[in-house]
Amino acid sequence: MFLDAEVDSWPEDLSADVCLVGSGVMSLALTHYLLDHSTARILLVEQGPLEDTEALSALPAERNTGDLVSAVDASRAQGFGGSSRRWGGQALPFFPQDLDDRPFLDLRGPWPLTLADLAPHYAQASNFLALDSIPFDTDLWRHPVLEQAFGKARALELNFSKWSPIAYLADRYRPIIAASARVTCVCNARVVAIGLNREGTMVEGLRVRRGNAQESRLRSKLVVLCGGGIENPRLLLASRQGDRQGIGNEHDLVGRYYQDHIGFYAARLEPMNWRLFEHLFAAFLKGDQKFLPKLQLSQATQKSQELLNVTGNLAIQESDRSPRQAARRLYRRLRGLPGDETSMVADGKLLLKAPVEAFKIGRSYLRRRLHLPRQATYFLMANAESEPMHDSRIMLDERLDAQGQPRVLVHWRCSDRSLMAMRAYVTGLQESLQSAGIAKVHPSTYLTASNLNWKERAYSLYHHMGATRMALSPRQGVVDPDGQVFGVANLYVAGTSVLPTGSASNPSFTALALTFRLGEHLRRRLAQG
């Protein structure tokens with residue numbers, strides 16, 4: 001069932017077997033798993049509203065003092081469903097090199113898990129997102145020229161991401177929770193502090209503030225923070241008792257090693273062989289799913305040159321009134337997906353005025369590919385890994401928010417290792433695309449000119465990671481391989497904040513795999529009583 005803390009009376013006996021702080025992607029995944037595999041009473045505590053509106057869902061930008069701005073407006077959402085209100089449901093796993101010990105990075109130890117450890121949980125994450133079962137290493141292109149230009153022994157590899165047909169998770173799980181006798185989701189209720197026992201080894205209760213500034217306490221056998229890559233470390237830092245500098249912070253690691261992905265328009269592409277260019281870059285369609293082609297810095301190149309990971313995909317610059325954009329808006333509206341307010345009639349008229357282009361769009365769709373317009377300008381948008389650094393961190397700000405809680409100060413550091421990787425990536429683009437006669441590559445001058453500051457053109461991709469990193473010991477990180485906060489027996493963290501490194505893949509899919517692994521651990525603990 002759902003409760004609104006601003007309207008409904010607060011139950012005096014509100015407690016649970018498992019309390020999930022937040023109701024976003026990771027929280028819904030754990031709810032999904034525990035409903036199917038346990039008899040636990042589950043409580044979700046969500047600081048935002050049940051209904052989704054832009055005004056109520058938006059979280060304000062935080063103060064940024066680092067090399068790039070990370071926690072910007074629209075980068076996060078509150079309310080039931082969390083950031084699934086804004087994401088596209090793009091899924092791409094990490095790669096072996098991402099989890100390996102990379103001696104050129106100061107990681108305080110490698111990942112405590114291997115890709116083989118994650119494999120069964122990637123399958124669970126795929127089922128949760130209703131992804132097609134086609135393996136991620138499938139050659140969708142099957143073209144001899146592309147086989148020669150890309151590969152594990154080349155500078156760049158070909159891969160693809162999958163886009164979930166149920167990215168807006170609130171719609172799927174709202175009726176399930178509303179009908180469940182075992183799940184309660186309290187909206188407009190914010191956990192402001194975690195209370196530990198005197199020894200600091202167990203969570204005794206959570207302080208919850210409601211919209212009318214009243215505070216209540218709730219109890220749960222197990223507590224999982226699912227608040228996101230910024231809110232998870234903020235809550236641990238803000239939960240101070242006695243002389244403690246937050247929970248799990250005995251070695252001053254909560255908030256540190258913060259990462260985001262670096263977005264960069266790496267090069268403008270000028271098609272040379274249109275058919276081959278279109279075959280390489282046009283997204284594939286299967287049923288109601290999209291597979292987006294990606295060009296990635298190969299694992300061999302990363303290892304031999306000691307480089308961070310970089311991947312990229314085609315970006316199209318064209319008018320909002322183009323036939324392709326009109327068709328895209330019509331498709332989204334017909335499927336009930338969020339979008340702008342352009343009327344269906346207006347978009348229909350745009351297509352009628354361009355019958356040849358409309359025919360090409362339809363023909364591509366019948367061939368199960370998305371149409372690429374020949375008249376557009378094309379760029380390769382790079383998604384670069386940022387180096388995990390000790391002084392890249394989330395801190396508590398001196399400013400307080402409207403509820404009197406400390407705001408967040410984001411100090412995201414980006415080293416020139418990302419620049420080195422992006423330069424190698426652009427070189428790989430030139431070697432693969434130009435040599436194969438696919439496209440001319442015009443690199444960004446901000447990557448090639450030594451007198452220009454590349455960070456002036458870089459931007460955040462809203463992938464907040466690493467600030468409660470997973471490790472084998474409390475001297476290396478904040479949580480253990482099961483997601484348990486070191487030293488606190490019943491407190492866990494789920495989400496992108498536990499990732500020790502960020503790869504160049506969208507992080508939510510790997511965070512989901514770790515969350516399902518955590519779900520299995522919680523099931524075993526609950527069975528023990």
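Residues numbered from 1 in each chain as written. Predicted model: local features only at pLDDT ≥ 70, side-chain atom pairs only at ≥ 80, totals over all residues. Heavy atoms only, no water.

Colleague: Before we move on, can you summarise the overall build of the protein with the specific residues and values?
Modeller: For the protein, the count of helices and strands is 15 helices and 20 strands. Compactness check: the protein gives a C-alpha radius of gyration of 23 Å against a globular reference of 24 Å for 529 residues, within 12% of the reference. Accessible surface for the protein amounts to roughly 22200 Å². Of this, 50% is attributable to carbon and sulfur atoms. On the protein, the mean spot of the 62 positive side-chain charges and the mean spot of the 55 negative ones are 4 Å from each other. (Helix = DSSP H or I, 4+ residues; strand = E, 2+ residues; numbered from the N terminus. Rg over C-alpha atoms; globule rule 2.2 N^0.38 Å. Areas by Shrake-Rupley, 256 points an atom, 1.4 Å probe, with all protein chains shown as cover. Lys, Arg positive; Asp, Glu negative; His and termini not counted. Charge placed at Lys NZ, Arg CZ, Asp CG, Glu CD.)

Colleague: If you had to explain the confidence of the model for the protein to someone new, which residues and values would you point to?
Modeller: Across the protein, the average pLDDT comes to 92, with 97% of residues at or above 70. The element-level mean pLDDT for the protein is lowest in helix α2 (residues 54-57), coming to 68, with strand β20 (residues 491-493) highest at 98. (pLDDT = per-residue confidence, 0-100.)

Colleague: Give a detailed account of the environment of proline 293, specifying residues and quantitative values.
Modeller: In this fold, proline 293 is placed in strand β13 (residues 289-297). Along the primary structure proline 293 and asparagine 313 are separated by 20 residues, whereas in three dimensions their C-alpha atoms are 6.4 Å apart. When residues no more than four places from it in sequence are discounted, the contact partners of proline 293 are Trp141, Asn159, Phe160, Leu280, Phe281, Ala282, Ala283, Phe284, Gly312 and Asn313. (Contact = heavy atoms within 4.5 Å.)

Colleague: Now, about the sheet that holds strand β16 (residues 393-400): what can you tell me, with residues and values included?
Modeller: What the three strands build is an open sheet, ordered β4-β17-β16; its pairing is mixed. Looking at the sheet topology across the chains shown, the edges are occupied by β4 (63-64) and β16. Summarising the sheet, β16 and strand β17 (residues 406-411) pair through five bridges and their orientation is antiparallel. Bridge pairing links isoleucine 394 to valine 410 in β17. Those strands touched by helix α7 (residues 231-238) are β16 and β17, and its axis lies near 65 degrees from that of β16. (Pairing = 2+ DSSP bridges. Axes fitted to C-alpha atoms, helices over the stretch in contact; angles between N-to-C directions.)

Colleague: Talk me through the pattern of salt bridges; I want residue IDs and the actual numbers.
Modeller: Inspection of every chain in the model, using the stated rule, returns 24 salt bridges. With its nearest N and O atoms 3.7 Å apart, the salt bridge here joins aspartate 17 to arginine 41. In this pair, aspartate 17 is assigned in strand β2 (residues 15-21) and arginine 41 in the loop between α1 (25-37) and β3 (42-45), connecting sequence segments 24 residues apart. Residues arginine 174 and glutamate 51 are paired through a salt bridge, measuring 2.8 Å at the closest nitrogen-oxygen approach. In this pair, arginine 174 is assigned in helix α6 (residues 169-179) and glutamate 51 in the loop between β3 and α2, connecting sequence segments 123 residues apart. In this structure arginine 174 comes out as partly exposed when scored by relative accessible area, which is 32%. A residue is classified by how much of its surface remains accessible, and glutamate 51, at 43% relative accessible area, is partly exposed. Residues participating in the shared-partner salt-bridge network are Asp67, Asp391, Arg413 and Lys455. (Salt bridge = Lys/Arg side-chain N within 4 Å of Asp/Glu carboxyl O. Buried < 20%, exposed > 50% of the residue type's maximum accessible area, 1.4 Å probe, protein only.)

Colleague: I'd like a rundown of the side chain of serine 322, residues and numbers included.
Modeller: Within the fold, serine 322 resides in the loop between β14 (310-317) and α10 (323-334). Its relative accessible area of 10% is what places serine 322 among the buried residues. Here the side chain of serine 322 touches glutamate 318 through a polar contact of 3.1 Å, side chain to side chain. (Polar contact = N/O pair within 3.5 Å; in protein donor to acceptor, adjacent residues only side chain to side chain.)

Colleague: Explain the packing of helix α4 (residues 115-128) against helix α15 (residues 508-528) to me, using residue names and the numbers behind them.
Modeller: As a packed pair, α4 and α15 sit with axes 8 Å apart at the nearest point and diverge in direction by 105 degrees. Considering their axes alone, α4 and α15 lie roughly perpendicular with respect to each other. Touching Leu118, His121, Tyr122, Gln124, Ala125, Ser126 and Phe128 of α4 are Phe509, Thr510, Leu512, Ala513, Leu514, Phe516, Arg517 and Glu520, all from α15. Taken together, the residues of the contact of α4 with α15 sort by class into nine nonpolar, four polar and two charged. (Parallel < 35°, antiparallel > 145°, perpendicular 65-115°, else oblique. Nonpolar A, V, L, I, M, F, W, Y, C, P; charged D, E, K, R; others polar.)

Colleague: Quick rundown of the environment of lysine 294? Include the residues and the values.
Modeller: Looking at the element boundaries, lysine 294 is found in strand β13. Sequence separation between lysine 294 and serine 161 is 133 residues; the distance between their C-alpha atoms is 7.2 Å. Of note is the side chain of lysine 294, whose polar atom sits 3.1 Å from the side chain of asparagine 313.

Colleague: I'd like to hear about the packing of α1 against α6, residue by residue, with values.
Modeller: Contact geometry of α1 with α6 gives a least axis separation of 11 Å together with a crossing angle of 40 degrees. If you check the angle between α1 and α6, you find them oblique. The handedness of the crossing between α1 and α6 comes out as left-handed. Counting all contacts with α1, which are made through Val25, Leu28, His32 and Leu35, the residues of α6 involved are Leu169, Tyr173, Ile176 and Ile177. Residues that form the contact of α1 with α6 fall into these classes: seven nonpolar, one polar and no charged. (Left-handed = near helix turned anticlockwise from the far one by under 90°.)

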